[in-house]
Amino acid sequence: MDCLALELPRDAFASLELPLISQPVAIGEQAHVLWLCRAMWIALHAMSRDVTPADLVEQLQTQDRLDQLCIDYAHSYLSEEDAEAWPQIAALVDSLSEPALPVRFKHRDKRIPALKLYIAAAQRSGLKANGVFAGLTALSDYDPDHYRMLVAVLAQDGLAIAKAAIAALET
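About the cut-offs
- Residues numbered from 1 in each chain as written.
- Predicted model: local features only at pLDDT ≥ 70, side-chain atom pairs only at ≥ 80, totals over all residues.
- Heavy atoms only, no water.
- Helix = DSSP H or I, 4+ residues; strand = E, 2+ residues; numbered from the N terminus.
- Core = buried A, V, L, I, M, F, W, Y, C linked by side-chain atoms within 4.5 Å.
- Buried < 20%, exposed > 50% of the residue type's maximum accessible area, 1.4 Å probe, protein only.
- Contact = heavy atoms within 4.5 Å.
- pLDDT = per-residue confidence, 0-100.
- Phe/Tyr/Trp six-rings, centres within 6.5 Å; stacked < 30°, edge-to-face > 60°.
- Salt bridge = Lys/Arg side-chain N within 4 Å of Asp/Glu carboxyl O.

Chemist: Can you help me understand the environment of Ser97 in this one?
Modeler: Along the polypeptide, Ser97 turns up in the loop between α4 (85-95) and α5 (111-124). Distance from Ser97 to Tyr73, taken between C-alpha atoms, is 24 Å for residues 24 residues apart in sequence.

This is the structure in structure tokens:
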């Protein structure tokens, strides 16, 4: 079933929280479409320039691109909150060894798991929650194979969802 044969949920672009989605998921089912909409919404809020629907689809298409968006957003967000954040994150990166990383983080930028560790510790110390950053880190936490499966439909139907996300942001 084509995911766009389904109507977008009324709350598709109402929240920066990802809906829970378990494996396996039927591509195009309502929960999957809502997940894609929210992933687009999170990425759209994190991108700091005028974005075309194609830009938005491209940004979510691979986990590497999503990881880079997460890192770029973290630079601006954390620099405002804590001037010492990046030296601490760099120290965490240096302390992470490939064999000790969870499987979902192997062969990826080590700044992603370091950011997750830093944010967990910083939130216990009172760092303000940021919905966009929380959404990006939740997206980056997906197993790479699961993430690829969830975004595979973007190659065919992503532009329509991206156009809807951009239109929702502009209203």
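Chemist: Where do I start with the nonpolar core in this structure?
Modeler: Grouped burial of nonpolar side chains is what soluble globular proteins tend to show. Counting residues in each nonpolar core, the largest one holds 58 residues, and the members touching the most others are Trp35, Leu56 and Leu78. Among the elements of the structure, α1 (30-46), α2 (53-61), α3 (63-81), α4, α5, α6 (131-140), α7 (144-151) and α8 (154-170) are those that each provide at least two residues to this core. Ranked by the residues each element gives to this core, the list is headed by α1, at twelve residues. Discounting chain neighbours no more than four positions away, the residues touching Trp35 are Leu18, Pro19, Ile21, Leu139, Tyr142, Tyr147, Leu150 and Val151.

Chemist: Would you explain the side chain of Gln63 in this entry?
Modeler: Counting through the fold element by element, Gln63 comes out in helix α3. Take Gln63: its relative accessible area is 8%, and that puts it in the buried class. Aside from chain neighbours lying at most four places away, what touches Gln63 is Arg108, Leu139, Ser140, Tyr142, Asp143, Pro144 and Tyr147.

Chemist: Hey, could you run me through the confidence of the model for the chain in this one?
Modeler: Detailed reading of the predicted coordinates is not advisable wherever pLDDT is low. Averaged over all residues, the pLDDT of the chain is 86; the fraction at 70 or higher stands at 95%. Averaged pLDDT values over the elements of the chain bottom out at 87 in α8 and peak at 94 in α2.

Chemist: Teacher, can you tell me more about the packing of aromatic side chains here?
Modeler: The geometry of two aromatic rings is summed up by the distance between their centres and the angle between their planes. Under the definition given, this model contains six aromatic pairs. On the basis of an interplanar angle of 50 degrees and a centroid distance of 5.5 Å, the ring pair of Phe13 and Trp41 is categorised as tilted. In this pair, Phe13 is assigned in the segment before α1 and Trp41 in helix α1, connecting sequence segments 28 residues apart. The pair formed by Phe13 and Trp41 is uniform in burial state, with each residue classed as buried. Ring geometry for Tyr73 against Phe133: centres 6.5 Å apart, planes inclined by 20 degrees, an arrangement best described as stacked. Placement of the pair is Tyr73 in helix α3 and Phe133 in helix α6, with a sequence separation of 60 residues. Each member of the pair, Tyr73 as well as Phe133, is classed as buried.

Chemist: Would you explain the pattern of salt bridges in this entry?
Modeler: Oppositely charged side chains are able to pair whenever their charged atoms sit close together. Enumeration according to the criterion identifies seven salt bridges in this entry. In this structure, the salt-bridge partner of Arg65 is Glu58, at a minimum N-O distance of 3.6 Å. By relative accessible area, which is 45% here, Glu58 ends up partly exposed. Among the salt bridges present, the one from Arg111 reaches Asp109, with a minimum N-O distance of 2.7 Å. The network of salt bridges with shared partners includes Arg104, Lys116 and Asp141.

Chemist: It is not clear to me how unusual backbone geometry should be interpreted in this structure. Could you clarify?
Modeler: We note that His107 has phi near 65 degrees; this positive angle belongs to a residue other than glycine. Positionally, His107 belongs in the loop between α4 and α5. Residue class for His107 comes out exposed when judged on its relative accessible area of 75%.

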